[in-house]
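# Survey of secondary and tertiary structure
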Amino acid sequence: PIRIFILNAKAESVLPAHVWKELTYLFPNVSFDIHFFGPECLYDREKNQYVYSDRPIVKRIDDSLAFIHHTEDFHVLHEAKDFFPYDPYLDVFFLFHPRFSAIETSEQWEKTVPALLDSKCGVFVTGYHQEDINRDYQWLQDKYSKEMDTLMNKSTNIFGSTKWELNDLNPQEVFQFNQQIFGIRGKRYHAVHKN
């Protein structure tokens, strides 16, 4: 199956199954395993709270689609080699609004980003607006520029939300979810023929 890894999943992990099922309609005869990571990726509707599990929780929708919830951070499972071997043709990572440089999250990302780059798979990052995506991209460049390749330059995400949101903490700031996007991967060194 194609493995889609969504780090720090929140809203993505509680989307109804039929929303994700569209992937299987777009790509018939392909199966998808969607892995959600983070402490807010597993919501128990009966208890009305997020729950922790030391084992992955698998919800199989049908033969072509499965959801796997991991309440640990990605770098913990990467270090345990739970997903090896990675396949750059079948594995892809998505980070929706990661806020790499924010004080409250930067320490976690400093552990996770090296694991992402080590996988050599595509990593796609979205942002709320141009300033947000510039901050995230610059943070990666400052810390990991020698270890990563750019797959996709910063650009407007044509699949981003069209709804404008208002920042409750700063009412003068408006944004759209997933408005900007860029892609990176761990640096791959190609073989060079020497005479």
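Before going into details, it helps to say that this report is about the structure given with it. Small disclaimer: the values here were computed from a predicted structure and weren't measured.

Calculation rules
- Once a new chain begins, its residue numbering starts again from 1 and follows that chain's sequence as written.
- Per-residue local features are limited, in this predicted model, to residues with pLDDT of at least 70; the limit for side-chain atom pairs, both in listing and counting, is 80 or more; totals at the level of whole chains, interfaces and linings are taken over all residues.
- In computing side-chain properties, one takes all heavy atoms of the structure into account and sets aside hydrogens as well as water.
- Numbered from the N terminus, helices here are DSSP runs of H or I no shorter than four residues, and strands are runs of E no shorter than two.
- With the radius of gyration taken over C-alpha atoms, the globule rule is written as 2.2 Å times the number of residues to the power 0.38.
- Each residue is assigned to one of three classes by its accessible area relative to the maximum for its type, calculated with a 1.4 Å probe on protein chains only: buried under 20%, partly exposed between the two thresholds, exposed over 50%.
- A contact between two residues is defined here by any heavy atoms of the two lying within 4.5 Å.
- Here the accessible surface of atoms and residues is derived via Shrake-Rupley with a 1.4 Å probe, and residues count as covered only by protein chains that are part of the display.
- In this analysis, axes come from line fits to C-alpha atoms, helices being fitted only over the stretch in contact, and the angle between any two N-to-C directions falls in the range 0 to 180 degrees.
- By definition in this entry, angles of less than 35 degrees are roughly parallel, angles greater than 145 are roughly antiparallel, angles of 65 to 115 are roughly perpendicular, and the rest are oblique.
- Note: crossing handedness is left-handed where the near helix turns anticlockwise from the far helix by less than a right angle, and right-handed where it turns clockwise.
- Gly counts as polar in this scheme, as do all residues outside two lists: the nonpolar Ala, Val, Leu, Ile, Met, Phe, Trp, Tyr, Cys and Pro, and the charged Asp, Glu, Lys and Arg.
- Throughout, the protein atoms alone are placed on a 1 Å grid, and a set of points is a cavity if a 1.4 Å probe fits but cannot get out or a pocket if it is open with protein on both sides within 12 Å along at least five of seven lines; lining residues have an atom within 4 Å of a point.
- Grid points are joined across faces, edges and corners, and a volume is the space filled by probe spheres set on the points.
- Like charges within 9 Å and nonpolar side chains (Val, Leu, Ile, Met, Phe, Trp, Tyr) within 5 Å are joined into patches, using only residues over 30% in relative accessible area that form no salt bridge.
- Salt bridge, as used here, is a side-chain nitrogen of Lys or Arg placed within 4 Å of a carboxyl oxygen of Asp or Glu.
- What the arc measures is the spread of directions leading from the helix axis to the C-beta atoms.
- Helix span is expected to be 1.5 Å times the residue number reduced by one.

## Some remarks on the overall build of the chain
Along the backbone of the chain there are four helices and twelve strands. Its C-alpha radius of gyration of 17 Å places the chain within 12% of the 16 Å reference for a compact globule of 195 residues. Here the chain holds 195 residues, and 44% of them are scored as buried. Taking contacts inside the chain between residues at least 6 apart in sequence as the whole, the part at least 24 apart equals 72%. Counting every atom, the chain has about 11800 Å² of accessible surface; 53% of that belongs to carbon and sulfur.

## Examining the packing of helix 3 (residues 106–119) against helix 4 (residues 130–144)
The N-to-C vectors of helix 3 and helix 4 enclose an angle of 70°; their axes lie 12 Å apart at closest approach. One way to sum up the angle between helix 3 and helix 4 is to call them roughly perpendicular. As for how helix 3 packs across helix 4, the hand of that crossing is right-handed. Of the residues in helix 4, those in contact with S106, W109, E110, V113, P114 and L117 of helix 3 are W139, L140, K143 and Y144. Along the lines of polarity and charge, the residues of the contact of helix 3 with helix 4 split into seven nonpolar, one polar and two charged.

## Details of the layout of surface pockets
There is about 1300 Å³ of room inside the largest pocket. In terms of lining, the largest pocket is formed by 36 residues, of which the most central are E12, W20, F96, T126 and N178. Going through the elements one at a time, strand 1 (2–7), helix 1 (17–26), strand 7 (91–96), helix 3 and strand 8 (122–127) are the ones with two or more residues in the lining of the largest pocket. At five residues, helix 1 tops the list of elements feeding residues into the lining of the largest pocket. Of the residues assigned to the lining of the largest pocket, the class counts are 20 nonpolar, ten polar and six charged.

## A word on a nonpolar patch on the surface
A cluster of nonpolar side chains, W164, L166 and V174, forms an exposed patch at the surface whose accessible area comes to about 320 Å². The partly exposed category is assigned to V174, whose relative accessible area is 44%.

## Concerning helix 1
Residues W20, K21, L23 and T24 constitute the buried set of helix 1. Projected onto a plane normal to the axis of helix 1, the buried residues spread over an arc of 135° and lie on a single side. Projecting away from the buried face of helix 1 at angles above 90 degrees are the exposed residues H18, Y25 and L26. If you follow the buried residues of helix 1, they end up packed against strand 1, strand 2 (32–37), strand 5 (57–62) and strand 6 (65–70).

## Quick look at empty space enclosed by the protein
Within this structure, the stated rule accounts for one cavity of 30 Å³ or more. Lining the largest cavity, in full, are L95, F100, V113, L116, L117, V123, V125, L140 and I184. Broken down by secondary-structure element, the contributors of at least two residues to the lining of the largest cavity are helix 3 and strand 8. The element contributing the most residues to the lining of the largest cavity is helix 3, with three residues. Of the residues assigned to the lining of the largest cavity, the class counts are nine nonpolar, no polar and no charged.

## Quick look at unusual backbone geometry
With an omega dihedral of -5°, the bond running from F84 to P85 counts as a cis peptide bond. Mapped onto the secondary structure, P85 falls in the loop between helix 2 (74–79) and strand 7. Despite not being glycine, N48 has its phi angle at roughly 60°, a positive value. Note on placement: N48 falls in the loop between strand 3 (43–44) and strand 4 (49–50). In this model, N178 sits at a positive phi of 55°, which is unusual for a non-glycine residue. Here N178 lies in the loop between strand 11 (174–175) and strand 12 (180–186).

## Here we look at helix 4
If you check helix 4, its first and last C-alpha atoms are 21 Å apart, about what 15 residues at 1.5 Å a residue would give, namely 21 Å. On the buried face of helix 4, the contacting elements are helix 3, strand 8, strand 9 (148–156) and strand 12.

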